[in-house]
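# Chain and residue survey
So you can see what is in the structure, the chains are spelled out below.
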Amino acid sequence: MRGFSVEREVGIYYSAELGTYFLNVRSSRDFMDHAGATSVAFDGDTGAFRSLDLPSGQRTGNTITNWMYALHMANVFGMPYKIFVCGLGLVITMLSVTGVYIWWKKRRARQFSKVHRDVVAEVAAE
């Protein structure tokens, strides 16, 4: 009816405040590698359908948020993307460390230069 199929059930829980059962499943609309983000809500008393939350294709905001989360957590595109994200993290770490190293060397050079200028000024004053 909504254009998706359920691949497997992930979990079910009951919200006493809302009087609603939530069934979380992995569906054909999920794009993450592991867990499913599709949620179906049913009334706790009658079992009537209440709502459906799809991770993609239903609401633009949900689709963008789910893609950003999946990309950030390296939960899409399998092992090649995970290796890419790991490499990118190592590059960022390397750039940070080399930046601090260069700053430290320049700081030492400035301190040496100041001491050198002070000595030259004393010799010239004599």
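Quantities reported herein were computed from a predicted structural model and do not represent experimental measurements.

### A few points about the sheet that holds strand S3 (residues 38–43)
Strand order in the open sheet formed by four strands is S1-S2-S3-S4, with antiparallel pairing between adjacent strands. On the outer flanks of this sheet lie strand S1 (6–15) and strand S4 (49–53), each paired with one strand and no other. For this sheet, the mean inter-axis angle between neighbouring strands, taken without regard to orientation, is 20°.

### Concerning unusual backbone geometry
Positive phi, normally seen in glycine, also occurs at Ala74, with a value near 55°. Within the element layout of this structure, Ala74 appears in the loop between helix H1 (60–72) and helix H2 (78–125). You will see that Phe77, though not glycine, has its phi angle at about 65°, which is positive. The residue Phe77 is located in the loop between H1 and H2 in this model. On the basis of relative accessible area, Phe77 is assigned to the exposed category, the value being 53%.

### Digging into H1
Here H1 spans 18 Å end to end across 13 residues, near enough to the 18 Å set by a 1.5 Å rise per residue. For H1, the set of buried residues is Thr63, Asn66 and Ala70. Buried residues in H1, looked at end-on, bunch into an arc of 70°, giving them a common side. Away from the buried face of H1 by more than 90 degrees, exposed residues Thr60, Thr65, Met68 and His72 are located. The first or second residue beyond H1 is Ala74, which carries a positive phi of 55°.

### Considering the pairing of S1
Two elements, S1 and strand S2 (residues 20–27), share eight bridges in a ladder whose sense is antiparallel. The residue of S2 that forms the bridge with Tyr14 is Tyr21. What sits between S1 and S2 in their antiparallel hairpin is a turn of four residues, with Gly19 showing a positive phi close to 60°.

### Quick look at the nonpolar core
The biggest cluster of nonpolar side chains holds six residues, and these are Phe31, Met32, Ala70, Ala74, Val76 and Tyr81. Discounting residues that sit within four places of it in the chain, Phe31 has contacts with Pro55, Ser56, Thr63, Asn66, Trp67, Ala70, Asn75 and Val76.

### Concerning the packing of aromatic side chains
The tally for this structure, following the rule as stated, stands at seven aromatic pairs. Measuring from ring centre to ring centre gives 6.1 Å for Tyr81 and Phe84, while their planes differ by 35°; the resulting arrangement is tilted. Here Tyr81 pairs with Phe84, and both are found in helix H2, just three residues apart, close to one helical turn. The class of Tyr81 is buried, set by a relative accessible area of 17%. Pairwise contacts between aromatic rings join Trp67, Phe77, Tyr81 and Phe84 into one cluster.

### A short note on the pairing of S4
The pairing of S3 with S4 spans four bridges and is classified as antiparallel. Within the sheet, the bridge partner assigned to Phe42 lies in S4 and is Phe49. If you look at the hairpin formed by S3 and S4, you'll find five residues sitting between the two strands, and Gly47 has a positive phi there, around 80°.

### Observations regarding the environment of Gly36
With respect to the helices, strands and loops of the structure, Gly36 is situated in the loop between S2 and S3. Along the chain, Gly36 and Arg8 lie 28 residues apart, while their C-alpha atoms are 8.4 Å from each other.

The rules behind the values
Residues numbered from 1 in each chain as written. Predicted model: local features only at pLDDT ≥ 70, side-chain atom pairs only at ≥ 80, totals over all residues. Heavy atoms only, no water. Pairing = 2+ DSSP bridges. Helix = DSSP H or I, 4+ residues; strand = E, 2+ residues; numbered from the N terminus. Axes fitted to C-alpha atoms, helices over the stretch in contact; angles between N-to-C directions. Buried < 20%, exposed > 50% of the residue type's maximum accessible area, 1.4 Å probe, protein only. Expected span 1.5 Å × (residues − 1). Arc of directions from axis to C-beta. Core = buried A, V, L, I, M, F, W, Y, C linked by side-chain atoms within 4.5 Å. Contact = heavy atoms within 4.5 Å. Phe/Tyr/Trp six-rings, centres within 6.5 Å; stacked < 30°, edge-to-face > 60°.

The analysis is restricted to geometry; functional conclusions fall outside its scope.
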